[in-house]
Amino acid sequence: EYVGEMDAVRTRHLALRDECIADMQRALRRDVRRGALPKGLSARSAAIGLIALFDGLLHHWMLDRSGFDLVRVGTTVFDAYLRGLVAEAPARPPT
């Protein structure tokens, strides 16, 4: 828990997270401008999704390092996430 003297650690974690999200947003916006990602993409949402992906992978790998190869699995799921950003949304049936 981030209480008492641990609040400084929380503050630092949030600052680092926000910096990482900002860096990812810039990269994603650049890719939208280049046409590599769809124009309607929310760079902030995509960046938050990447942070969640990385955090989840690291969390579970640290719990059990023999459970999976972090680099191999991380590369695979990262690539899948990015492919998902460029995939066309499936057609919705009429309502």
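Report on the accompanying structure. All chains use their own residue numbering, which begins from 1 and follows the written sequence. Where totals are concerned, whole chains, interfaces and linings use all residues; where local detail is concerned, this predicted model gives features only for residues with pLDDT of at least 70, and gives and counts side-chain atom pairs only at 80 or more. Side-chain measures here rest on the full set of heavy atoms in the structure, leaving out hydrogens and waters.

**Digging into the overall build of the protein chain**
What counts is decided by this rule: For the purposes of this entry, the term helix denotes a DSSP run of H or I that reaches at least four residues, the term strand denotes a run of E that reaches at least two, and both are numbered from the N terminus. As a reference, a globule follows 2.2 Å times the number of residues to the power 0.38, and the radius of gyration itself is taken over C-alpha atoms. For the exposure calls, accessible area comes from a 1.4 Å probe over protein chains only, and a residue counts as buried if that area is under 20% of its type's maximum, exposed if over 50%, partly exposed in between. We call two residues in contact when some of their heavy atoms are within 4.5 Å. When charges are counted, neither His nor the chain ends are considered; positive counts come from Lys and Arg and negative counts from Asp and Glu. Taken as the charge location is NZ of Lys, CZ of Arg, CG of Asp or CD of Glu.
In terms of regular secondary structure, the protein chain is built from three helices and zero strands. At 17 Å, the protein chain has a C-alpha radius of gyration far larger than the 12 Å of a compact globule built from 95 residues. C-alpha atoms of the protein chain, sized along the principal axes, occupy 50 × 35 × 30 Å. Looking at the 95 residues of the protein chain, the share that counts as buried comes to 18%. Taking the intrachain contacts of the protein chain between residues at least 6 apart in sequence as the baseline, contacts between residues at least 24 apart amount to 48%. Of the charged side chains in the protein chain, 14 are positive and 12 negative; the average position of the first set lies 9 Å away from that of the second.

**A short note on helix α2 (residues 43-63)**
The line we're drawing: Take the residue count of a helix, subtract one, and multiply by 1.5 Å to get its expected span.
The terminal C-alpha atoms of α2, which comprises 21 residues, lie 30 Å apart, in line with the 30 Å expected from a rise of 1.5 Å per residue. Taken together, the buried positions of α2 are Ala43, Ala46, Ala47, Gly49, Leu50, Ile51, Leu57 and Trp61. The elements touched by buried residues of α2 are α1 (7-34) and α3 (70-86).

**Notes on the pattern of salt bridges**
The condition that has to hold: Counted as salt bridges are all cases of a side-chain nitrogen of Lys or Arg within 4 Å of a carboxyl oxygen of Asp or Glu.
Applying the stated criterion to the full structure yields three salt bridges. Asp18 serves as the salt-bridge partner of Arg17, at 2.7 Å between the closest nitrogen and oxygen. Since its relative accessible area comes to 37%, Arg17 is described here as partly exposed. Residues Arg26 and Asp23 are paired through a salt bridge, measuring 2.2 Å at the closest nitrogen-oxygen approach. A residue pair is termed a helical-turn pair when its members lie 3 or 4 positions apart in one helix, as Arg26 and Asp23 do in helix α1 at three residues. What makes Asp23 partly exposed here is its relative accessible area of 39%.

**As for the packing of aromatic side chains**
In this description, a pair of aromatic rings is defined by centroid distance and the angle of the planes. Rules: What counts as a ring pair is set by centres within 6.5 Å for rings of Phe, Tyr and Trp (its six-membered ring), and what kind of pair is set by the plane angle: stacked under 30 degrees, edge-to-face over 60, tilted for all other angles.
Scanning the model with the defined rule gives one aromatic pair in all. A centroid spacing of 5.9 Å and a plane angle of 25° characterise the contact between Phe54 and Phe78, whose relative ring orientation is stacked. With Phe54 in helix α2 and Phe78 in helix α3, this pair connects stretches of sequence that are 24 residues apart. In this structure Phe54 comes out as partly exposed when scored by relative accessible area, which is 30%.

**Quick look at the side chain of Gln25**
Mapped onto the elements, Gln25 comes out in helix α1. In this structure Gln25 touches Ala43, Arg44 and Ala47, once residues within four positions along its chain are discounted.

**What to know about the nonpolar core**
The condition that has to hold: Buried Ala, Val, Leu, Ile, Met, Phe, Trp, Tyr and Cys residues that are joined via side-chain atoms within 4.5 Å together make up what is termed a nonpolar core.
Residues Ile21, Met24, Leu28, Val32, Leu37, Ala43, Ala46, Ala47, Leu50, Ile51 and Leu85 constitute the largest nonpolar core, which totals eleven residues. When contributions to this core are tallied by element, the ones reaching two or more residues are α1 and α2. Looking at which element gives the most residues to this core, the answer is α2, with five residues. Every residue in contact with Leu50, bar those within four places of it in the chain, is listed here: Met24, Phe78 and Tyr81.

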